[in-house]
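This is what each chain is made of:
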Amino acid sequence: MAAVGEDRLGRYPALLDVTDRRWVERLTRPEYQREQLVSRALLRTVLARYLEAPPETLRFRRTERGRPELLGESGLRFSLSHTDGLVACVVAAGGELGVDVERLRPNDLSATVGRRYFSAAERERLDALPAELRAGEFFSYWVLKEAYTKARGLGLSMGLRSFTVRLGPGEAVLEPAAGGPEVAGGDGRPGVCWLELLEPSAEHRLGIAVLNTPQAPRVVSRWIVPLGSEAPASPRVIARTPPAVARREA
Ligand SMILES: CC(C)(COP(=O)(O)OP(=O)(O)OC[C@H]1O[C@@H](n2cnc3c(N)ncnc32)[C@H](O)[C@@H]1OP(=O)(O)O)[C@@H](O)C(=O)NCCC(=O)NCCS
């Protein structure tokens, strides 16, 4: 993981188009402005490679729920998430996907307040844990749940209690909550959702959700600093959906 220095930050506006540049310039909170500049520079840098086009020429639109999408016929899909010290960007050639990254905050209030977004089964499992493990586990559930809402393109408005993440040793499976609707695929009909829970650093948890792919997605990770260094990354895989589960449900 490499930090973005101030000298490099000054070169990022040139990677944006005029709309993004003006939008970022107007932001008044320095931390948010920096986060937005870095995440937009990263997204454009990554997508530009697949599209073989200069980053500043890419154009986006937002759905009414706020999901950014690439304009054009490329079929490339992406999802973004930012937290203190890290921007996560996942890209796939087709299929819907979502990512969420959080910095672990032990004993954070969100671990108690955020529980109201959890299904009864998830709350039960969290309650059964020793107190010192609960905050860390909370974020594992949280990033996978939010990744799924982003893959659906709905964000938190979809209601996080209607589905359950089941976490076991090495395994993460998405299930409907008791009495809730089936897990939906990309088209909204019942389908399969692949989950992957990663540890990009000792302080972060990262969840990826991919809807209805014929095979288990192969996640290739890289650390990228736009206009700077790049290196292969091998975050620890904490859990993922076993292929047998997805085949059974497909
Ligand atoms: C999407 C959402 C879950 C993100 O939560 P967060 O933890 O605060 O932020 P993250 O950094 O993890 O993710 C933010 C990114 O998610 C993406 N995003 C936003 N809305 C999204 C959606 N509906 N579906 C998928 N991705 C979305 C964007 O890339 C956003 O980054 P940006 O603000 O730099 O463009 C939350 O903001 C949400 O529920 N938004 C939807 C609200 C809504 O329904 N609005 C409708 C009318 S405005």
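This one's a predicted model, so the numbers in the text were calculated from it and none came from an experiment.

Draft legend 1. Main features of the overall build of the protein. Secondary structure summary: the protein contains seven helices and 12 strands in total. Relative to the compact-globule value of 18 Å for 250 residues, the protein shows a C-alpha radius of gyration of 18 Å, a close match. With the C-alpha coordinates aligned to their principal axes, the bounding extent of the protein is approximately 50 × 40 × 35 Å. Every one of the 250 residues in the protein was classed for burial, and the buried ones make up 43%. Long-range contacts, defined here as pairs at least 24 residues apart, represent 55% of the contacts in the protein between residues at least 6 apart. Accessible surface computed for the protein: about 13200 Å², of which carbon and sulfur atoms make up 51%.

Draft legend 2. Spatial organisation of the sheet that holds strand β7 (residues 170–176). The strand order across the open sheet built from six strands is β5-β9-β8-β12-β7-β6, with neighbouring strands paired in mixed fashion. Edge strands, defined here as strands with exactly one partner in the open sheet, are β5 (97–103) and β6 (163–168). With direction set aside, neighbouring strand axes in the sheet form an average angle of 20°. Relative to strand β12 (residues 236–240), strand β8 (residues 193–201) runs antiparallel, the two being bridged by four bridges. Opposite glutamate 199, over in β12, you have arginine 236 as the bridge partner. Against the sheet, helix α6 (residues 131–151) makes contact with β5, β6, β7, β8 and β9 (204–211), and its axis sits at roughly 150° relative to β5, the strand it touches most.

Draft legend 3. Looking closely at the site of the ligand. In the neighbourhood of the ligand, 18 residues make up the surrounding shell, with Arg62, Ser81, Glu146, Lys150 and Leu156 lying closest. One of the side-chain nitrogen or oxygen atoms of lysine 150 is found 2.8 Å away from an oxygen atom of the ligand. The fraction of the free accessible surface of the ligand (910 Å²) that becomes covered by protein chains is 67%. For the shell around the ligand, the elements supplying multiple residues, two or more each, are β3 (76–83) and α6. A per-class count over the shell around the ligand returns four nonpolar, seven polar and seven charged.

Draft legend 4. Region of interest: the packing of helix α2 (residues 18–26) against helix α3 (residues 30–51). At a closest axis distance of 9 Å, the pairing of α2 and α3 adopts a crossing angle of 160°. When the axes of α2 and α3 are compared, the pair comes out roughly antiparallel. Taken as a pair, α2 and α3 cross one another with a handedness that is left-handed. Within the contact between the two elements, α2 uses Asp20, Trp23, Val24 and Glu25 and α3 uses Tyr32, Gln33, Gln36, Leu37, Arg40 and Arg44. In the contact of α2 with α3, the residues fall into four nonpolar, two polar and four charged.

Draft legend 5. Molecular detail of the environment of leucine 144. By the secondary structure assignment, leucine 144 is in helix α6. Taking the C-alpha atoms as reference points, leucine 144 and serine 234, 90 residues apart in sequence, are found 19 Å from one another. Beyond its immediate stretch of four places on either side in the chain, leucine 144 contacts Val165, Leu167, Ala172, Leu195, Glu196, Leu197, Gly207 and Ile208.

Draft legend 6. Region of interest: α3. For α3, which comprises 22 residues, the first-to-last C-alpha distance of 31 Å matches the rise-based estimate of 32 Å (1.5 Å per residue) to within 8%. Trailing α3 by a residue or two, glutamate 52 shows a phi angle of about 50°, which is positive.

Reading guide: rules and limits
- Residues numbered from 1 in each chain as written.
- Predicted model: local features only at pLDDT ≥ 70, side-chain atom pairs only at ≥ 80, totals over all residues.
- Heavy atoms only, no water.
- Helix = DSSP H or I, 4+ residues; strand = E, 2+ residues; numbered from the N terminus.
- Rg over C-alpha atoms; globule rule 2.2 N^0.38 Å.
- Buried < 20%, exposed > 50% of the residue type's maximum accessible area, 1.4 Å probe, protein only.
- Contact = heavy atoms within 4.5 Å.
- Areas by Shrake-Rupley, 256 points an atom, 1.4 Å probe, with all protein chains shown as cover.
- Pairing = 2+ DSSP bridges.
- Axes fitted to C-alpha atoms, helices over the stretch in contact; angles between N-to-C directions.
- Near = heavy atom within 4 Å.
- Polar contact = N/O pair within 3.5 Å; in protein donor to acceptor, adjacent residues only side chain to side chain.
- Nonpolar A, V, L, I, M, F, W, Y, C, P; charged D, E, K, R; others polar.
- Parallel < 35°, antiparallel > 145°, perpendicular 65-115°, else oblique.
- Left-handed = near helix turned anticlockwise from the far one by under 90°.
- Expected span 1.5 Å × (residues − 1).

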